[in-house]
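The chain contents come next:
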Amino acid sequence: MTCDEARERFEDLLHDRLSPADSQSLRQHLSECPRCLEELDAAGVIAALIRHRASYHRAPDHLRQSILREVRRQQTLAGRLYQALHTLWTTPPVLCATTAILVLALALPLYHRWVGPAPDPAARVVGEARRDYDRLLLNYPPHGTNPAEPTQIQQWFQQTLNFSPAIHFWGNQEIRLLRGYPTYLMERRAACLIFKTGDAISTLYIFPGGDIPIPPHNRRQINGYAPYQATAHDQRVLLWRQGELAFLIVSRLTNPELDQLFLRIRNP
Amino acid sequence: MTQTELAAAIVVHLDALHNLAAWLARDSAAAAALVQATCRQAMRMIPQERSRTHLQVGLLTIMWGLYRQDHMRSGDGLSDIAVEHVATDKRVLYHTLSRAELDAGLRQLPEALRAALILADMEGYPLEDLTAIFGWSKPRTQIALATARQLLDRFLQARFTSIGVSPEPEVKDTP
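Since the model is a prediction, treat every value here as computed from it, not as a measurement.

Enquirer: Please clarify how helix 4 (residues 34–53) of chain A should be interpreted in this entry.
Expert: An α-helix turns once every 3.6 residues. As a result, residues three or four positions apart point the same way. When the terminal C-alpha atoms of helix 4 of chain A are compared, their 27 Å separation across 20 residues agrees well with the 28 Å that a helix rising 1.5 Å per residue should span. Within helix 4 of chain A the residues assigned to the buried category are Cys36, Glu38, Leu40, Ala42, Ala43, Ile46, Ala47, Leu49 and Ile50 of chain A.

Enquirer: Whenever I open this one, the pattern of salt bridges confuses me. Can you help?
Expert: As a working rule, side chains carrying opposite charge can pair if their charged atoms are close by. Scanning the model with the defined rule gives 13 salt bridges over all chains in all. For the salt bridge of Arg7 of chain A with Glu39 of chain A, the shortest nitrogen-to-oxygen distance reads 2.8 Å. A residue pair is termed long-range when its members are at least 10 positions apart, and Arg7 of chain A in helix 1 (residues 3–8) and Glu39 of chain A in helix 4 qualify at 32 residues. You can call Arg7 of chain A partly exposed: its relative accessible area is 28%. Measuring nitrogen to oxygen at the nearest pair gives 3.9 Å for the salt bridge that ties Arg26 of chain B to Asp27 of chain B. For Arg26 of chain B, a relative accessible area of 72% translates into the label exposed. Residue Asp27 of chain B is classed as partly exposed on the basis of its relative accessible area of 36%. Through salt bridges with shared partners, a single ionic network connects Asp4, Arg7 and Glu39 of chain A.

Enquirer: Even after reading the chapter, I still don't get the packing of helix 2 (residues 14–24) of chain B against helix 5 (residues 99–108) of chain B, so can you show me in this structure?
Expert: All names here are of chain B. Packing of helix 2 against helix 5 brings their axes to within 10 Å, and their N-to-C directions diverge by 75°. Taken together, the axes of helix 2 and helix 5 are roughly perpendicular relative to one another. Two secondary-structure elements touch here, helix 2 through Ala22, Trp23 and Leu24 and helix 5 through Asp103, Leu106 and Arg107.

Enquirer: Help me out: how do you make sense of the pairing of strand 6 (residues 245–251) of chain A in this one?
Expert: Successive side chains on a regular strand alternate, one facing one side of the sheet and the next facing the other. All names here are of chain A. Counting buried positions along strand 6 yields seven of seven residues, so the element is predominantly enclosed. Alternating positions in strand 6 separate into two faces, Leu245, Phe247, Ile249 and Ser251 on one and Ala246, Leu248 and Val250 on the other, with burial throughout. In this sheet, strand 6 lies alongside strand 3 (residues 200–208) in antiparallel orientation, the contact comprising seven bridges. Across the sheet, Ile206 pairs through a bridge with Phe247, a residue of strand 6. Pairing analysis gives seven bridges linking strand 5 (residues 235–242) to strand 6, with the strands arranged antiparallel.

What counts, and where the lines are drawn
- Residues numbered from 1 in each chain as written.
- Chains lettered and ligands numbered in written order.
- Predicted model: local features only at pLDDT ≥ 70, side-chain atom pairs only at ≥ 80, totals over all residues.
- Heavy atoms only, no water.
- Helix = DSSP H or I, 4+ residues; strand = E, 2+ residues; numbered from the N terminus.
- Expected span 1.5 Å × (residues − 1).
- Buried < 20%, exposed > 50% of the residue type's maximum accessible area, 1.4 Å probe, protein only.
- Salt bridge = Lys/Arg side-chain N within 4 Å of Asp/Glu carboxyl O.
- Axes fitted to C-alpha atoms, helices over the stretch in contact; angles between N-to-C directions.
- Parallel < 35°, antiparallel > 145°, perpendicular 65-115°, else oblique.
- Contact = heavy atoms within 4.5 Å.
- Pairing = 2+ DSSP bridges.

Distances and angles like these do not, on their own, reveal function.
In structure tokens:
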């Protein structure tokens with residue numbers, strides 16, 4: 001055994017952790033090496049001094065009580081929370097139920113966004129028209145051609161629209177035509193006329209809408225006609241089809257006033 | 001191991017924790033604070049798979065880590081210590097040392113060496129546990145313990161030299 005190998009075993013010898021064979025071999029080396037013997041002797045004296053004579057600081061009672069209080073507090077708060085979570089994730093039925101709830105919670109919004117039914121075309125066109133009406137009120141008075149000359153509006157429509165809007169009503173003393181301009185609704189070209197009745201603004205949109213199914217419910221009966229009606233806040237919307245064209249009015253008129261406007265536009 | 005078992009184990013090992021804390025800290029209040037911080041961190045950190053047998057080492061590792069974090073900014077200082085061979089002539093007087101003198105000698109050791117010596121010689125931890133607690137390699141731990149004992153030996157002998165005590169000369173048999 002070399003001196004380095006002997007020193008590696010000093011710790012174990014000092015604390016009686018050497019096997020009998022190692023102990024015998026180390027003692028053999030020590031009997032032949034006074035320097036290692038001196039080193040081990042010194043280490044042994046110091047180790048024994050510390051083990052038997054140095055102060056041992058036991059935990060005082062107040063600290064023990066304080067730790068116990070802390071442990072109990074941890075057990076009541078974090079411990080209970082942890083145990084609950086632990087139970088949640090280690091009990092198979094609970095785990096399955098929790099996982100299912102999480103998957104549903106994540107999947108449902110995605111389903112509605114990507115897989116769920118798209119809003120019906122009538123609702124879409126009503127929504128777009130209402131937003132356009134709101135923009136119009138925000139930017140009031142609107143820009144456009146001279147309202148005194150419907151013929152100019154018609155010419156403009158003929159030049160810019162790819163269809164001929166069948167417009168029979170160009171306003172009167174009570175329902176004044178303010179502006180007319182071509183616009184877009186549901187990504188298709190549309191004619192728009194703005195009427196003013198008292199202080200109330202109404203817009204009429206005419207656009208190719210033969211493919212837009214008008215819902216059978218929410219129909220308003222007006223002198224034998226039954227346009228689709230939608231209401232939101234103080235806005236009223238009437239939507240109907242005439243041949244391949246769809247007509248849509250957004251207005252803040254009262255129902256009787258709106259009925260009058262509808263009849264004037266609807267009747268040839 | 002559940003929180004309840006962990007709590008019970010902490011209470012069982014409280015004396016060993018407090019002993020090391022007291023040998024490291026400057027006063028009893030600081031020692032108590034170190035023990036409490038260790039217990040709090042143990043309740044949060046000790047992983048569930050840790051077996052009961054390694055819990056004590058885990059607790060001491062946390063304590064040493066906390067102490068180092070707060071008090072030792074630049075390593076454990078082991079590499080700076082060189083101990084020359086110590087004369088042995090006054091070692092025979094060690095049985096006359098008071099506990100206070102021995103404690104004072106221990107307090108003179110660098111913290112890392114003092115802590116290692118307390119755990120090895122007072123608490124009886126094997127080298128493997130010390131390597132885990134202090135994060136040293138096995139040879140480094142052996143060197144640290146040998147250095148700590150030699151330093152303490154030197155401090156104690158210096159004390160006897162300063163108070164002018166010499167061992168009685170050996171009485172030789174006369175023919």
